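Structural characterization, general
Letter by letter, the chains look like this.
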Amino acid sequence: MECFHTNAAACVAVLCLTVLASANGQPLAPTSPKSLAKSVGDEILVHKDVFFTWGYGGALVLDGLWRANETFGLDYASAIGDALDHYLQDTTSPAYQALHNETMHPSSAIGDYQGLYPIAYLNRAVSYSDGAAKRPAYSNTTDMHVARYIADNIILKWPLHLSDGTVSRNHGWPGQEGNGTFLWGDDQYMGLTLVSRLAVVLGREDYAAFAAEQTVLFEKHMRDKADGLFYHGYNDADHEESCCKWGRANGWGMFSHVEVLRAVERFPNLQPQAVLVKAVLQRHLDAILPFQSEDGRWRQLVNDTDSFLETSCTAMFASVIARSMLNKWVDVSKAGTYFTAAMKGFSGLTKTVSSTGEVSGVCSGTGIQTDADAYRRRPTSYLASGPGGLGAVLSAAVDVFKLQDAYGYLAK
């Protein structure tokens, strides 16, 4: 195997990872990004009744499948389209309500239920914007209307905010009282992704400005200045952070940073905001790097070595590192360090995929917990891994593949 990258440290990392993939017994699943994505994606389709359901987990799964479909030429578009069409006809779904301009009442969180799933409709609308008849009776206008309607009527009209404007929730964690004073790290990605992507597609500077403002505000309240990690929750009523720095909450934040930065950098009037968001991303990247395990994965609680190695946050971190490098959003003097971390993270992910494509080690959907033991005890069964896990693994495969390609190395 030949490495074409000029950075010697990066080449060594690639060579070492090739050895790791075959050492200590046979790998559980193919180790190239494309083969891993196909293995994971094919198994998801077997359980699509579980993983395609409306909600934030289904949104991330469909997004990961769509990205894998577009990047690797996998045959997932039809199954995704069937799910989207189903919800357009389900009178109880937000997609149907949006399509028919019905009054929509906010759920308990800005993106948990209503605000994230429409990214799947936006993906299809953008992909089929050339008007090609790729599906019978497909209407690009329909999908775009669903995405825009929910952005305008749920995201931008969200009723709960702190006094400084940060998007909030009514509920936090047991033992805490508040009235619209709780922040959740999850809400960064779930609440800001749709408007960020629409900003790019539609040229909506107001969408991008909203997302940038929220990014800076969330960091102000949730980042621990001592180590740079984000807490899972924060209560503004008593200015108290939750107990712990949950891996996936940090992953939600980092996933959000790259979505928002991609949007704001496109608008000349928002360049000051782009500088701020880029700084948020850089600080968060630098915070998680020291906590990567020798195995390549990160942990359920990022800074707690007694917590288990967790798959979804590992996938999110590897994906974001790769996207940040590809877009030149990171300190170039640390390129070798970031490249090594992304490749090592992907190597860790390969250890979690079985020969059938099932993924292990994904924490199930998790609210803000009161202590570290509660996070350590969270279940990780495959069929409970939809909320945040499987879609992130697919995105990591896509982004690591693109990084390998850009650096002149592709695992065969």
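What you see is a predicted model; the values in this text were computed from it and never measured.

1. Digging into the overall build of the protein
Across its full length, the protein holds 16 helices and 5 strands. Expressed as a percentage of its 412 residues, the buried residues of the protein come to 58%. The long-range fraction of contacts in the protein, counting pairs at least 24 apart against all pairs at least 6 apart in sequence, stands at 71%. A total of about 15600 Å² of accessible surface is found on the protein, and carbon and sulfur atoms cover 51% of it.

2. Quick look at the environment of A151
Inspection of the secondary structure assignment puts A151 in helix 8 (residues 140-155). A151 gets classed as buried once you look at its relative accessible area, which sits at 0%. Put simply, A151 and V195 are 44 residues apart on the chain and 6.1 Å apart in space, counted from C-alpha to C-alpha. When sequence neighbours within four positions are dropped, the list of residues in contact with A151 reads L156, L194, V195, L198 and Y207.

3. Focus on helix 9 (residues 187-202)
In an α-helix there are 3.6 residues to a turn, and that puts residues three or four apart on one side. Taking 1.5 Å per residue, 16 residues should reach 22 Å; helix 9 reaches 23 Å between its end C-alpha atoms and fits that length. Of all the bends in helix 9, the greatest, near 40 degrees, is centred on T193. Burial within helix 9 is extensive, with 13 of its 16 residues counted as buried. With its phi angle positive at about 70 degrees, G203 sits one or two positions after the end of helix 9.

4. Focus on the confidence of the model for the protein
Taken residue by residue, the protein gives an average pLDDT of 91. The fraction at 70 or more is 89%. Here residues 1-28 is modelled with pLDDT under 50, and outside its nearest four sequence neighbours on either side it reaches 28 contacts, counting other chains as well.

5. Some words on the packing of helix 7 (residues 118-127) against helix 8
Where helix 7 contacts helix 8, the two axes come as close as 8 Å, and the packing angle between them is 145 degrees. Between helix 7 and helix 8 lies a crossing of left-handed hand. In this structure, helix 7 uses P118, Y121, L122, R124, A125 and V126 to contact helix 8, whose residues at the interface are N140, D143, M144, V146, A147 and I150. Across the contact of helix 7 with helix 8, the residue classes break down as 9 nonpolar, 1 polar and 2 charged.

6. Thoughts on the nonpolar core
Side chains that are nonpolar tend, in soluble globular proteins, to be buried together. Counting residues in hydrophobic clusters, the biggest one holds 122 residues, and the most contacted among them are I44, F52, Y117, Y121, I321 and M325. Among all residues touching Y117, those that are not within four sequence positions of it are F52, T53, W54, G55, G58, A59, L62, A83, L84 and Y87. By size, the runner-up hydrophobic cluster in this structure holds 6 residues, among which are L162, L183, F218 and F230.

7. Description of the side chain of S307
In this structure, S307 sits in the loop between strand 4 (298-299) and strand 5 (309-310). Owing to a relative accessible area of 2%, S307 belongs among the buried residues under this scheme. Among residues more than four places away in sequence, those in contact with S307 are R299, Q300, L301 and R376.

Cut-offs applied
Every chain is numbered independently, its residues counted from 1 as its sequence is written. The predicted origin of the model limits local features to residues at a pLDDT of at least 70 and limits the giving and counting of side-chain atom pairs to 80 or more, whereas totals for whole chains, interfaces and linings rest on all residues. The basis for every side-chain value is the complete set of non-hydrogen atoms in the structure, without hydrogens or water. Numbering of helices and strands runs from the N terminus, with a helix taken as a DSSP run of H or I at least four residues long and a strand as a DSSP run of E at least two residues long. Each residue gets one of three labels from its accessible area relative to the maximum for its type: buried under 20%, exposed over 50%, partly exposed in between, using a 1.4 Å probe on protein chains only. The contact criterion used throughout is that any non-hydrogen atoms of two residues lie within 4.5 Å. Residue burial considers only the protein chains on display, and all accessible areas are found by Shrake-Rupley using a 1.4 Å probe. How far a helix is expected to stretch is found by multiplying one less than its residue total by 1.5 Å. A residue's bend is the angle separating two fitted axes: one through the seven residues that end there, the other through the seven that start there. For every residue, the predictor assigns a confidence score, pLDDT, that lies between 0 and 100. A fitted line through C-alpha atoms serves as each axis, taken over the contacting stretch for helices, and the angle formed by two N-to-C directions is quoted from 0 to 180°. What makes a crossing left-handed is the near helix being turned counterclockwise from the far one by less than a right angle; a clockwise turn instead makes it right-handed. Under the scheme applied, nonpolar residues are Ala, Val, Leu, Ile, Met, Phe, Trp, Tyr, Cys and Pro; charged residues are Asp, Glu, Lys and Arg; polar residues are all the others, including Gly. The criterion is simple. A nonpolar core is a set of buried Ala, Val, Leu, Ile, Met, Phe, Trp, Tyr and Cys residues joined through side-chain atoms within 4.5 Å.

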